[in-house]
Amino acid sequence: MSERIWTAALIVIGDEILSGRTQDRNVAQLASWLNVQGIRLAEVRIVADVEDAIVEAVTTLSARNDYLFTTGGIGPTHDDITVDAIAKALGVAVEVHPDARATLERYYETRGGLTDARLRMARVPAGATLIENRISGAPGIRTGNIFIMAGVPHITAGMLDALTGTLEGGRPVQSVTLGCWVAESEVADTLRAVEKDHRGADGGDVSIGSYPFFREGRVGANFVVRSPDPDRLEACVTDLAARLTDLGHPVTRDGI
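Here is a short report on the structure shown in this document. Model, not experiment: these values are computed from the prediction.

Remarks on the packing of aromatic side chains
And step 1. Under the counting rule described, the total for this entry stands at 6 aromatic pairs.
And step 2. Considering the side-chain rings of Tyr107 and Tyr108, the 5.0 Å spacing of their centres and the 90° angle between planes classify their relative orientation as edge-to-face.
And step 3. With a relative accessible area of 23%, Tyr107 lands in the partly exposed category.
And step 4. The exposure class assigned to Tyr108 is buried, which follows from its relative accessible area of 11%.
And step 5. When the ring of Trp181 is compared with that of Phe213, the centres are 5.4 Å apart and the planes differ by 85°; the resulting orientation is edge-to-face. With Trp181 in the loop between strand 9 (174-180) and helix 8 (188-199) and Phe213 in strand 10 (residues 207-215), this pair connects stretches of sequence that are 32 residues apart.
And step 6. We classify Phe213 as buried; its relative accessible area is 13%.
And step 7. For the cation-ring pair, Arg215 lies above Phe213, with the distance from its terminal atom to the ring centre recorded as 3.9 Å.

A few points about the pairing of strand 10
And step 1. Direction of pairing for strand 10 relative to strand 11 (residues 218-227): antiparallel, over a ladder of 9 bridges. Among the inter-strand pairings, Ser207 is bridged to a residue of strand 11, identified as Arg226.
And step 2. Two successive antiparallel strands, strand 10 and strand 11, enclose a turn made up of 2 residues, where Glu216 displays a positive phi of approximately 50°.

Focus: a nonpolar patch on the surface
And step 1. Nonpolar side chains collect at one region of the surface, where Leu18, Val44 and Ile46 lie side by side and expose about 250 Å² of accessible area between them.
And step 2. If you trace the backbone, Ile46 turns up in strand 2 (residues 39-47).

Brief notes about helix 2 (residues 26-36)
And step 1. Listed in full, the buried residues belonging to helix 2 are Asn26, Leu30, Trp33 and Leu34. Taken end-on, helix 2 shows its buried residues confined to a sector of 100°, consistent with a single buried face. Counted as exposed and oriented over 90 degrees from the buried face of helix 2: Ala28 and Val36.
And step 2. Against strand 1 (6-13), strand 2, strand 3 (67-71) and helix 7 (153-163) lie the buried residues of helix 2.
And step 3. Gly38 sits one or two residues past helix 2 and shows a positive phi near 80°.

Focus on the sheet that holds strand 12 (residues 251-253)
And step 1. Strand order in the open sheet made by the 4 strands is 10-11-9-12, with antiparallel pairing throughout. Bordering the open sheet on either side are strand 10 and strand 12, each of which pairs with just one other strand. Taking each pair of neighbouring strands and ignoring which way they run, the sheet shows an average axis angle of 25°.
And step 2. Strands in contact with helix 8 are strand 10 and strand 11; relative to strand 10, the strand with the most contacts, it is inclined by about 155°.
And step 3. Along the sheet face, helix 9 (residues 230-246) touches strand 9, strand 10, strand 11 and strand 12 and points at about 155° away from the line of strand 11.

Side note on the pattern of salt bridges
And step 1. Applying the stated criterion across every chain yields a total of 13 salt bridges.
And step 2. Glu234 serves as the salt-bridge partner of Arg253, at 3.0 Å between the closest nitrogen and oxygen. Taken together, the positions of Arg253 in strand 12 and Glu234 in helix 9 put the pair 19 residues apart, joining distant regions of the chain.
And step 3. Where Arg243 meets Asp239, a salt bridge forms, and the shortest distance between an N and an O atom there is 2.9 Å. Taken together, the positions of Arg243 and Asp239, both in helix 9 and 4 residues apart, correspond to about one turn of that helix.
And step 4. Judged by relative accessible area, which is 25%, Arg243 ranks as partly exposed.

Structural notes on the side chain of Thr143
And step 1. With respect to the helices and strands, Thr143 occurs in strand 7 (residues 140-143).
And step 2. Once residues lying within four places of it in the same chain are set aside, the contact partners of Thr143 are Ile86, Leu90, Pro125, Ala128 and Ile148.

What about the sheet that holds strand 1?
And step 1. Taken in spatial order, the 6 strands line up as 2-1-3-8-7-6 in an open sheet, and their pairing is mixed. Edge positions in the sheet fall to strand 2 and strand 6 (129-131), since each of these pairs with one other strand and no more. Adjacent strand axes in the sheet meet at a mean angle of 20°, parallel and antiparallel pairs treated alike.
And step 2. Where strand 3 meets strand 8 (residues 146-149), 4 bridges bridge the pair, whose relative direction is parallel. Paired with Phe69 across the bridge in strand 8 is Phe147.
And step 3. Along the sheet, helix 4 (residues 82-90) makes contact with strand 1, strand 3, strand 7 and strand 8, crossing strand 8 at roughly 165°.

Parameters at a glance
Residues numbered from 1 in each chain as written. Predicted model: local features only at pLDDT ≥ 70, side-chain atom pairs only at ≥ 80, totals over all residues. Heavy atoms only, no water. Phe/Tyr/Trp six-rings, centres within 6.5 Å; stacked < 30°, edge-to-face > 60°. Buried < 20%, exposed > 50% of the residue type's maximum accessible area, 1.4 Å probe, protein only. Helix = DSSP H or I, 4+ residues; strand = E, 2+ residues; numbered from the N terminus. Lys NZ or Arg CZ within 6 Å of the ring centre and 35° of its normal. Pairing = 2+ DSSP bridges. Patch = residues over 30% accessible without salt bridge, like charges linked within 9 Å, V, L, I, M, F, W, Y side chains within 5 Å. Areas by Shrake-Rupley, 256 points an atom, 1.4 Å probe, with all protein chains shown as cover. Salt bridge = Lys/Arg side-chain N within 4 Å of Asp/Glu carboxyl O. Arc of directions from axis to C-beta. Contact = heavy atoms within 4.5 Å. Axes fitted to C-alpha atoms, helices over the stretch in contact; angles between N-to-C directions.

In structure tokens, the structure reads:
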């Protein structure tokens, strides 16, 4: 029987991402963090600050993944509509969380006080709990399998740190990279055959990714073998290295 694979999706929310004014860095850091939790980032969607678009994305992605994360749109301004949209998707009201309000009151006590705009950051979908934010006061939000987080990467990182070890998952995926001076098209059939052989009849979780490059006037590729099973991983790596070498393409472990 194949091992249970836990999956997550990410919705990156914000017109500034789609316009190119801001470059998103949360995809990479969330993917790395999830891997350590034994959860695979299965899909990412970027949506504008439009309620209907957020509602549709939340409804779809939360239904087909174990976890859904959102980043962006939870600040104090009028276009920060993530909480409202997610509450609409869940069919619940929006309420001010008393603990969030207390946290913000303490944080802004020496920073001009808790204004109506800042109080918006205490609003949550009814029944939600909070994700600690040690950096800027305004907490993240958890409601069911949905985690509503800041768009600013270092604040997101702090929220992820607060969540570490709290989500159920499988074994972390491990990887080994083999580098080779060969056009990936020349060895595509070999990659496909090795992956198929090591998945085996039980459908074991092994995958091979190919990442071509052009350097020093010639083409090459790095092949990344991934699996949560270290024995299956090493067997696949050994087999792939042997087959590539037999074809006249020596490999470099850890990549080129």
